[in-house]
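Understanding the architecture of this molecule
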Amino acid sequence: MTLQISQRRKQYLETAQTLLRAARTMVDSAIAYQLKALADDHLRRAEKASHVDADG
């Protein structure tokens, strides 16, 4: 069985990974925290998109 990832989910995951990399390199912890929260939100959206796309 092959796992297929929707294009939308892939884009959310790529954005989340980019934000996480940026957060890890930030010196200012407040900015890093905000980027981490945004990355977490994109991860949740990726999961939701996966479920919605699978249903539709």
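Values in this document were obtained by computation on a predicted structure and should not be read as measured data.

**A short note on the side chain of Arg9**
- Assignment of secondary structure puts Arg9 in helix 1 (residues 7-25).
- When neighbours within four sequence positions are excluded, Arg9 is seen to be in contact with Ala46, Glu47, Ala49 and Ser50.

**Description of the environment of Gln34**
- Looking at where Gln34 falls in the secondary structure, it is placed in helix 2 (residues 29-55).
- For the pair Gln34 and Leu19, spaced 15 residues apart in the sequence, the C-alpha separation amounts to 9.8 Å.

**Description of the nonpolar core**
- Counting five residues, the largest nonpolar core is built from Leu19, Leu20, Ala23, Leu35 and Ala39.
- Among the elements of the structure, helix 1 and helix 2 are those that each provide at least two residues to this core.
- In terms of residues, this core owes the most to one element, helix 1, which gives three residues.
- With residues near it in sequence (within four places) discarded, Ala23 still touches Ala32, Leu35 and Lys36.

**Looking at the pattern of salt bridges**
- Scanning the entire structure with this criterion turns up four salt bridges.
- One salt bridge connects Asp41 with Arg44, and the closest N-O pair in it is separated by 3.8 Å. On the criterion of helical spacing, the pair formed by Asp41 and Arg44 is a turn pair, its members being three residues apart in helix 2.
- According to the relative accessible area criterion, Asp41 is partly exposed, its value standing at 23%.
- Since its relative accessible area comes to 53%, Arg44 is described here as exposed.
- Residues Asp41 and Arg45 are paired through a salt bridge, measuring 2.9 Å at the closest nitrogen-oxygen approach. Residue Asp41 and its partner Arg45 are both found in helix 2; the two are separated by four residues, about one turn of the helix.
- For Arg45, a relative accessible area of 42% translates into the label partly exposed.

The rules behind these values
Residues numbered from 1 in each chain as written. Predicted model: local features only at pLDDT ≥ 70, side-chain atom pairs only at ≥ 80, totals over all residues. Heavy atoms only, no water. Helix = DSSP H or I, 4+ residues; strand = E, 2+ residues; numbered from the N terminus. Contact = heavy atoms within 4.5 Å. Core = buried A, V, L, I, M, F, W, Y, C linked by side-chain atoms within 4.5 Å. Buried < 20%, exposed > 50% of the residue type's maximum accessible area, 1.4 Å probe, protein only. Salt bridge = Lys/Arg side-chain N within 4 Å of Asp/Glu carboxyl O.

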